[in-house]
Amino acid sequence: MYTAHPDRYADMPYRRTGRSGLMLPALSLGLWHNFGPDRPVETQRAILRRAFDLGITHFDLANNYGPPPGAAESALGEFLKTDFAPYRDELVISTKAGYLMWPGPYGEWGSRKYVLSSLDQSLKRLGLDYVDVFYSHRPDPETPLEETMGALHSAVQQGKALYVGVSNYSAEQTREAARILGELGTPLLIHQPRYSMLDRRPESEGLLDALDELQVGSIVFSPLEQGVLTSRYLDGIPEGSRAASDSPFLNSDALTDELVGKLRALDGIAKSRGQSLAQLALAWVLRGGRLTSALVGASSARQIEDSVGALANLDFEEDELTRIDAVING
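Residues numbered from 1 in each chain as written. Predicted model: local features only at pLDDT ≥ 70, side-chain atom pairs only at ≥ 80, totals over all residues. Heavy atoms only, no water.

Visitor: Run through unusual backbone geometry, naming residues and quoting values.
Guide: Note the cis peptide between Gly 66 and Pro 67, where omega equals -10°. If you trace the backbone, Pro 67 turns up in the loop between β4 (58–60) and α2 (71–82). Residues Pro 67 and Pro 68 are joined by a peptide bond in cis, for which omega reads -5°. With respect to the secondary-structure elements, Pro 68 resides in the loop between β4 and α2. Phi at Asn 34 is positive, roughly 80°, even though this residue is not glycine. For Asn 34, the location among the structural elements is in the loop between β3 (27–30) and α1 (41–53). Accessibility expressed as a relative area gives 11% for Asn 34, which makes it buried. Despite not being glycine, Gln 226 shows a phi value in the positive range, around 60°. Considering the arrangement of structural elements, one finds Gln 226 in the loop between β9 (217–220) and α8 (257–272). Look at Gln 226 and you get buried, because its relative accessible area is 9%. (Helix = DSSP H or I, 4+ residues; strand = E, 2+ residues; numbered from the N terminus. Buried < 20%, exposed > 50% of the residue type's maximum accessible area, 1.4 Å probe, protein only.)

Visitor: Go over helix α9 (residues 277–286), please, and point to the residues and values.
Guide: Since the α-helix packs 3.6 residues into each turn, any two residues three or four apart lie on the same face. Across the ten residues of α9, ten count as buried, placing the element largely inside the fold. For α9, the full list of buried residues reads Leu 277, Ala 278, Gln 279, Leu 280, Ala 281, Leu 282, Ala 283, Trp 284, Val 285 and Leu 286. Once α9 ends, the next one or two residues include Gly 288, with phi positive near 75°.

Visitor: Tell me about the pairing of strand β7 (residues 161–167), residues and numbers included.
Guide: Judged by how many residues are buried, β7 sits mostly within the fold: five of seven residues are covered. In terms of strand pairing, strand β6 (residues 131–136) meets β7 through five bridges, oriented parallel. Counted as the bridge partner of Tyr 135 is Gly 165 from β7. After leaving β6, the chain enters helix α4 (residues 145–157) and then returns to the sheet as β7, a path that is right-handed. Here four bridges tie β7 to strand β8 (residues 188–192), and the two strands are oriented parallel to one another. Across the sheet, Val 166 pairs through a bridge with His 191, a residue of β8. For the handedness criterion, the β-α-β arrangement of β7, helix α5 (residues 171–184) and β8 is classed as right-handed. (Pairing = 2+ DSSP bridges. Right-handed = clockwise from strand over helix to strand, strands pointing away.)

Visitor: Give me the lowdown on the sheet that holds β8, citing residues and values where you can.
Guide: The eight strands lie next to each other as β3-β4-β5-β6-β7-β8-β9-β10, forming a closed barrel whose pairing is parallel. Between one strand axis and the next, the sheet turns through 30° on average, direction left out of account. Pairing geometry for β8 and β9, over two bridges, is parallel. The partner of Ile 190 across the bridge, within β9, is Gly 217. Helix-sheet contacts for helix α3 (residues 112–126) involve β5 (92–97) and β6, and the interaxial angle to β5 is about 140°. The sheet contacts of α9 involve β3, β9 and β10 (293–296), and relative to β10 the element is tilted by about 150°. (Axes fitted to C-alpha atoms, helices over the stretch in contact; angles between N-to-C directions. Contact = heavy atoms within 4.5 Å.)

Visitor: Would you mind going over the packing of aromatic side chains in detail, with residue names and values included?
Guide: Applying the stated criterion across every chain, the model contains nine aromatic pairs. With a centroid separation of 6.5 Å and an interplanar angle of 40°, the aromatic rings of Trp 32 and Tyr 65 are classed as tilted. Note that Trp 32 is positioned in the loop between β3 and α1 and Tyr 65 in the loop between β4 and α2, a separation of 33 residues in sequence. Measuring from ring centre to ring centre gives 5.3 Å for Trp 102 and Tyr 114, while their planes differ by 50°; the resulting arrangement is tilted. Here the residue Trp 102 occupies a position in the loop between β5 and α3, and Tyr 114 occupies one in helix α3, the gap between them amounting to twelve residues. Grouped by ring-pair contacts, the aromatic residues Tyr 2, Phe 52, Phe 59, Phe 84 and Tyr 87 constitute a single cluster. (Phe/Tyr/Trp six-rings, centres within 6.5 Å; stacked < 30°, edge-to-face > 60°.)

Visitor: Describe in detail the environment of Ser 122, supporting the description with residues and values.
Guide: Within the secondary structure layout, Ser 122 lies in helix α3. Separated by 28 residues in sequence, Ser 122 and Ser 94 have C-alpha atoms that sit 10 Å apart. Those residues in contact with Ser 122 that sit more than four places away from it in its chain are Asn 63, Glu 73 and Thr 95.

The structure is reproduced here in structure tokens:
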């Protein structure tokens, strides 16, 4: 029987999500990879337990996470029963709908038919009556935004979600989504964009400014760029790594000599701060308190511990930020 660590809230900082009452941990656990049947159950259990013991109260999923699609929700559903049932009210569970889940015209995108059917399926896999946050995972170019946002509103009205969010929406789309939801009476809680030292589009395309103006929270995915912003690739591509497998999300062609040179330079900056490269990358996205949370994945409990270690130093001198920019843009 699992008993959570009594001091799990002692060191984790929690940040208010936009203008809501919901506080999220500075680091949240994403179950995008590593929670399918190809991974040992005991490793999955150890990751979840260690995360919660360290104050990570937010577990983030989507209907299509696994692999295969649906596997991550099913896995977490089992652990919610066996390990976390006494702690449900201390957890924030989020899921999403938007990508392909079943064949035919109703199995993806943003129709009311798909979004609400997907949520029902997610709740069954998770073994829950409700999720804390339900997202539209991507905008649908063929469906009126009013329909997709109306489906999110209905999920709240039906008691199947407490809050709603969007992911992969542009600044303009986010403003319009927030307007529609506001008129319906279900505020837009949070946006989940991709953001890292190597991918700064939320800055350059005005998304972070829009979220500030709207007072909407933010939780970023891929802050470590699929493991690129770690020590893993400083000396080549190790066997068994994601890049070695030519994953659709990261392949060996992306790891050019130029990029590896930048990673080594960033690693030097990290060492000067007493951090690993991964810790530097996480501290960078969390700097200044502008973002609510950063999502981290993990293939072991030790990786969770390393990520949480980043929170010991989230402050940057101006010259450090200048040096990081010089490396990235050089």
